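# Close look at the chain arrangement
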Amino acid sequence: MTKTVNYGIIGCGMMGQEHLRNISLVPGARVAAIFEPDAGMAAAARVSAPEAVICDSLDALLAHEPLDCLVVAAPNHTHAEILARIAARRPLPLLMEKPLFTDPGDRDRVLAIGESYGAPLWVAMEYRYMPPLQTFLERMQDATGGIKMLTIREHRFPFLEKVGNWNRFNRNSGGTLVEKCCHFFDLMRFILQSEPVRVMASGGQVVNHLDEVYDGEPSDIWDSAYVIVDFASGARAMLELCMYAEGAQFQEEIAAVGPLGKIEAKVPGPGRFWPAHLGAAPLPQVIVSPRNPKGPQMVEIPVDPALLTAGDHNGSTFYQHHRFNAAVRGDGPVEVTLRDGERAVAMGMAAQTSAREGRAVEM
Ligand SMILES: NC(=O)c1ccc[n+]([C@@H]2O[C@H](COP(=O)([O-])OP(=O)(O)OC[C@H]3O[C@@H](n4cnc5c(N)ncnc54)[C@H](O)[C@@H]3O)[C@@H](O)[C@H]2O)c1
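Quick caveat: nothing in here was measured; it's all calculated off a predicted structure.

Reading the values: rules and limits
- Residues numbered from 1 in each chain as written.
- Predicted model: local features only at pLDDT ≥ 70, side-chain atom pairs only at ≥ 80, totals over all residues.
- Heavy atoms only, no water.
- Helix = DSSP H or I, 4+ residues; strand = E, 2+ residues; numbered from the N terminus.
- Rg over C-alpha atoms; globule rule 2.2 N^0.38 Å.
- Buried < 20%, exposed > 50% of the residue type's maximum accessible area, 1.4 Å probe, protein only.
- Domains from an automatic or database assignment.
- Buried area = accessible area lost by both parts, 1.4 Å probe.
- Salt bridge = Lys/Arg side-chain N within 4 Å of Asp/Glu carboxyl O.
- Pairing = 2+ DSSP bridges.
- Near = heavy atom within 4 Å.
- Polar contact = N/O pair within 3.5 Å; in protein donor to acceptor, adjacent residues only side chain to side chain.
- Areas by Shrake-Rupley, 256 points an atom, 1.4 Å probe, with all protein chains shown as cover.
- Nonpolar A, V, L, I, M, F, W, Y, C, P; charged D, E, K, R; others polar.
- Phe/Tyr/Trp six-rings, centres within 6.5 Å; stacked < 30°, edge-to-face > 60°.
- Axes fitted to C-alpha atoms, helices over the stretch in contact; angles between N-to-C directions.
- Contact = heavy atoms within 4.5 Å.
- Patch = residues over 30% accessible without salt bridge, like charges linked within 9 Å, V, L, I, M, F, W, Y side chains within 5 Å.

### Focus: the overall build of the protein
Scanning the protein for helices and strands turns up 12 helices and 17 strands. Taken against the 2.2 N^0.38 rule, which gives 21 Å for 363 residues, the C-alpha radius of gyration of the protein at 20 Å falls within 12% of a compact globule. Along the first, second and third principal axes, the C-alpha atoms of the protein reach 60 × 50 × 50 Å. In the protein, which comprises 363 residues, the share counted as buried stands at 56%.

Shown next as structure tokens:
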């Protein structure tokens, strides 16, 4: 093992603290500095990273020595500006939380920053790194003979409360189909290895948030949608999102079908939300169902309990950090590029537009 990699963390609310806990599990990684403007969140962050220096501004953090890399986990609408300030001041290797930007007007400047950044720039897409998804990715080609149809269903708990309620408004989050569904659009591109050509969606605010008002302004965030995406390869994908379904056994269910058969991955939600009186939380599953001979085969994919405790994303945050740490050291590639992050946002924005205007959107 070479030298310790020193991390600077920008934004340390729920997700930033998940990053802290996972960085502490990565060999040769250490959180050196944190910028978190909310006093309560800063105090909570200190518990997970007692040795880190708490800085009182982004500039102070960027001036801190030594730092080898950065993680941004501030609210969505701050991402583009924070990225621009880092690029101008100290372009260190960077793990940038999704979505890359929320205002379509920021797209070109974000892409231009990527062109000249000069250090690894990795967009956080944890779902790629969930252990059942890794098994799905390894087996999907043999199981299907080439995917023609891909369905991603997320049935989960409502949006959690955030600092300053930023996620209650589309102007801050980018809209539900950008904010959380950019993960699933990234997975579609990654699984199908093709680019989207057309997006059709229907969605809205149906059950949650209906009576929520903040400073006199009603929340406009959506809680459910269907999205269909046509890909250049001819494959079709569908997303089904429902955020009033936390009673479900599995949170994400991904199914792909091709001429030879079907493969599924089933991922439970965060273990901390599973009621203790029901016993152990469900284990992730991967199921392969050939057409001929018929005979579905299910394997369970247990995840290290220490990784489950460190976050809400089925251990994926740790695996992503492990690979990001290698990229920082120059021992591995950037696996989720700025272009990947931009495409995922563009698909989410197309889906928001499609649902709002009741029409198909060409990409
Ligand atoms: N990849 C994933 O699976 C995943 C999961 C959850 C959240 N996220 C992303 O992580 C980010 C943070 O989400 P969260 O759930 O932790 O929200 P949060 O509200 O819990 O935390 C955000 C924190 O950023 C701080 N902050 C606000 N403005 C800031 C600024 N200009 N600079 C630095 N910090 C600032 C806030 O005080 C807050 O503590 C969002 O972009 C969200 O989309 C990603």
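### Thoughts on the domain arrangement of the protein
Frequently, the measure chosen for interface size is the accessible area removed from exposure when the parts meet. One can read the domain layout of the protein as domain 1 (5-126) and domain 2 (127-311 + 337-362). Between the C-alpha centres of domain 1 and domain 2 there is a distance of 25 Å. Each partner contributes to the roughly 2,300 Å² buried at the junction of domain 1 and domain 2, and carbon and sulfur atoms together form 67% of this total. Where domain 1 touches domain 2, the interface holds 2 salt bridges. The residue Lys98 makes a salt bridge to Glu179 at a minimum N-O spacing of 3.5 Å.

### Quick look at the pairing of strand 4 (residues 69-72)
Residues Cys69 and Val71 point to one face of strand 4 and Leu70 and Val72 to the other, with burial holding for every one of them. As paired elements, strand 4 and strand 5 (residues 94-97) share 3 bridges and run parallel to each other. Note on strand 5: the bridge partner recorded for Leu70 is Leu94.

### A word on the site of the ligand
Taken together, 26 residues lie near the ligand, and Met15, Glu36, Asn76, Glu126 and Lys162 sit nearest. Here a nitrogen atom of the ligand and a side-chain polar atom of Glu97 are 3.0 Å apart. At 3.1 Å from an oxygen atom of the ligand is found a main-chain nitrogen or oxygen belonging to Val163. For the ligand, the protein covers 89% of the area, taking 840 Å² as the surface of the free molecule. Counting residues per element, the ones that place at least two in the shell around the ligand are helix 1 (14-23) and helix 4 (79-89). Of the residues in the shell around the ligand, the class split is 12 nonpolar, 7 polar and 7 charged.

### Looking at the packing of aromatic side chains
Counting across every chain of the model gives 7 aromatic pairs. Both rings, one in Trp122 and one in Tyr129, keep their centres 6.4 Å apart while their planes meet at 35 degrees; by these two values the pair is tilted. As far as the burial class goes, Trp122 and Tyr129 line up, both buried. Between Tyr127 and Phe184, the ring centres sit 5.1 Å apart and the planes meet at 75 degrees, which makes this aromatic pair edge-to-face.

### Considering the sheet that holds strand 5
Pairing in this open sheet of 6 strands is parallel, and the strands run 3-2-1-4-5-6 from one edge to the other. With partners counted over all chains shown, the strands left at the sheet margins are strand 3 (53-55) and strand 6 (121-124), one partner each. Going from strand to strand, the sheet's axes swing by 25 degrees on average, the running direction of each strand aside. Its contacts with the sheet put helix 1 on strand 1 (5-10), strand 2 (29-35), strand 4 and strand 5, and the angle it makes with strand 2 is roughly 155 degrees. Across the sheet, helix 4 touches strand 1, strand 4, strand 5 and strand 6, and the angle it forms with strand 5 is around 165 degrees.

### Quick word on the sheet that holds strand 15 (residues 285-290)
Strands sit in the order 16-15-14-13-7-12-11-8-17 across an open sheet of 9 strands; the sheet is mixed. Every other strand in the sheet has two partners, leaving strand 16 (297-300) and strand 17 (361-362) as the edge strands with one partner each. Across 8 bridges, the pairing between strand 8 (residues 196-204) and strand 11 (residues 224-231) is antiparallel. Paired with Pro196 across the strands is Phe231, a residue of strand 11. Lying over the sheet, helix 6 (residues 131-144) contacts strand 7 (149-155), strand 13 (252-257), strand 14 (261-267), strand 15 and strand 16, oriented at roughly 175 degrees with respect to strand 14. The sheet strands contacting helix 12 (residues 338-357) are strand 8, strand 11 and strand 17, and the helix crosses strand 8 at an angle near 55 degrees.

### Focus on a nonpolar patch on the surface
On the surface, Val206, Val207 and Tyr244 cluster together into a nonpolar patch covering about 250 Å² of accessible area. If you trace the backbone, Val206 turns up in the loop between strand 8 and strand 9 (213-214). We classify Val206 as partly exposed; its relative accessible area is 46%.

### Focus: unusual backbone geometry
Going from Lys98 to Pro99, the amide bond is cis rather than trans, its omega being -20 degrees. When you line up the elements, Pro99 lands in the loop between strand 5 and helix 5 (107-116). Of note, the amide linkage connecting Asn292 to Pro293 takes the cis form, showing an omega dihedral of 0 degrees. Inspection of the secondary structure puts Pro293 in the loop between strand 15 and strand 16. Of note in the backbone geometry, His209 takes a positive phi value of approximately 65 degrees without being a glycine. Relative to the helices and strands, His209 is located in the loop between strand 8 and strand 9. Since its relative accessible area comes to 5%, His209 is described here as buried.

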